[in-house]
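What the coordinates show
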Amino acid sequence: MPAPPSAAPVRFAYWVPNVSGGLVTSTIEQRTDWGYDYNRELAVLAENNGFDYALSQVRYMAGYGAEYQHESTSFSLALLLATQRLKVIAAVHPGLWHPGVLAKLGATTDHLSNGRFAVNVVSGWFKDEFTALGEPWLEHDERYRRSEEFIQALRAVWTEDHAELAGDFYRIRDFSLKPKPIASPDRPHPEIFQGGNSTAARQMAGRVSDWYFSNGKDFDGVTEQIRDVQASAGSAGRTPPRFGLNGFLIARDTEAEARDTLREIVAKADTEAVHGFGSAVKQAGSSTADGKGMWQDSSFEDLVQYNDGFRTGLIGTPEQIAERIVAYKRLGVDLLLLGFLHYHEEVEYFGKKVLPLVRELEEHQPEDHRASLPPDLSPKGSS
């Protein structure tokens, strides 16, 4: 069974829309923009409405409805300089970055932001991004093995003088980084996040990561993943990483309004782009030995939100969504990574209408971490 939930309040992050096309692959109106001015205003709005983190996503080339994209590390620095408290997580790909070069960039960014920089290590699903740049496309589990070495190298360079690593993918020899990132007892280096649903991803998270991001999941899916990651950490003699869960949030004054919005998103899906994305991501994970790769059981409707965000079921009234968020917290979720249809308006609505209810419910959590789970509000559960 998963460990008891943390006594700390659940935290919130949002997907930075630094990639064109919004967070759903649909022709429905999305009042969002991938440019800097919009995102600077959004970052300030988010930190003033209860968000602790922002995740700058990364695409290196156009595809699947995302024709334009800003690079994640430089965009993250810009957002950090525009805010006071928000922590910004930059998505990076081993194979396209050297860990020592990223460590240097990260240390500088961490000093410029007074210790608010973090990274999300992405093992990769978009084959064309690697092959178009002349980089090899590794087999699934090899990509995670490379990511694990990447994190080991990054942590060593950030925390040690004369860092050494003799790996299969990276070799660090007597390397000393000065200045190192800002360190404190509860944060010896910038936080290291990773994603992935596969067995290889879960095992890697237990061994080396600070945070594990899951694609959208219902209660049973979350429980299974937390159990596996904690078991991996136990085998490695580590404290388990904290758990983050992806969700696309549709909060409206009535459940009917929220459901109608979801139906419209799916009805107006860009069918060609969704099918293309589905083919790309499913081949990326289908090589896993046990069939647990990301997106392997995702339906067309799930893939309209490209990280299965509808499956988390954060769709309904503020009261329904708050109850579901706290239920996930009771299962061991430490952070919700959220996407929205109309970012500025909905981030503010979340801060005013949903977050106060979450904090109120957290004060009255039952001791049984699975007690009083709300009904399944995901598309499958409400059909």
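To keep things clear, this report deals only with the structure shown in the data block. (Residues numbered from 1 in each chain as written. Predicted model: local features only at pLDDT ≥ 70, side-chain atom pairs only at ≥ 80, totals over all residues. Heavy atoms only, no water.)

1. Here we look at unusual backbone geometry
Definition in use: Numbering of helices and strands runs from the N terminus, with a helix taken as a DSSP run of H or I at least four residues long and a strand as a DSSP run of E at least two residues long. The cut-offs for exposure are 20% and 50% of the maximum accessible area for each residue type, with area from a 1.4 Å probe on protein chains only; residues under the lower value are buried, those over the upper are exposed, and the others partly exposed.
Here the residue pair Lys178 and Pro179 is connected by a cis peptide bond, since its omega of -5° sits within 30 degrees of zero. We note that Asn114 has phi near 60°; this positive angle belongs to a residue other than glycine. The topology assignment puts Asn114 in the loop between α3 (99-112) and β4 (117-121). In this structure, His162 takes a positive phi of about 60° despite not being glycine. Relative to the assigned elements, His162 resides in the loop between α5 (140-159) and β5 (163-166). With relative accessibility at 52%, the residue His162 sits in the exposed group.

2. Let's talk about helix α11 (residues 318-331)
Selection criterion: Given the number of residues in a helix, its expected span is that number minus one, multiplied by 1.5 Å.
Over its 14 residues, α11 extends 20 Å from the first C-alpha to the last, a length consistent with the 20 Å expected when each residue adds 1.5 Å. Buried residues dominate α11, accounting for 11 of its 14 residues. Just downstream of α11 lies Gly332, where phi reads positive at about 120°.

3. Section: the nonpolar core
Selection rule: Nonpolar cores were defined as sets of buried Ala, Val, Leu, Ile, Met, Phe, Trp, Tyr and Cys residues, with membership established by side-chain atoms within 4.5 Å. Residues are treated as being in contact if the distance between any of their heavy atoms lies within 4.5 Å.
Phe12, Tyr14, Phe51 and Ile325 are the most contacted members of the largest nonpolar core, which has 97 residues in total. Here this core takes 8 residues from α5, the largest share from any one element. Filtering out sequence-adjacent residues up to four positions away, Phe12 remains in contact with Gly50, Phe51, Asp52, Tyr53, Ile325, Leu336, Leu338, Phe350, Leu355, Val358 and Arg359.

4. Comments concerning the environment of Arg324
Mapped onto the fold, Arg324 is located in helix α11. Separated by 11 residues in the primary sequence, Arg324 and Gly313 place their C-alpha atoms 7.8 Å from one another.

5. Regarding the pairing of strand β1 (residues 11-16)
This is how it is decided: Here, a strand pair is defined by DSSP locating no fewer than two bridges between the strands. Seen with its strands pointing away from the viewer, a crossover is right-handed if its path from the first strand over the helix to the second goes clockwise.
Along β1, 5 of the 6 residues are buried, which leaves the element largely enclosed by surrounding structure. With 4 bridges joining them, β1 and strand β12 (residues 335-339) adopt parallel strand pairing. Directly across from Tyr14, in β12, lies its bridge partner Leu338. As paired elements, β1 and strand β2 (residues 53-56) share 4 bridges and run parallel to each other. Of the residues in β2, the one forming a bridge with Val16 is Ser56. For the handedness criterion, the β-α-β arrangement of β1, helix α1 (residues 36-47) and β2 is classed as right-handed.

The quantities given are spatial measurements derived from coordinates; they are silent on function.
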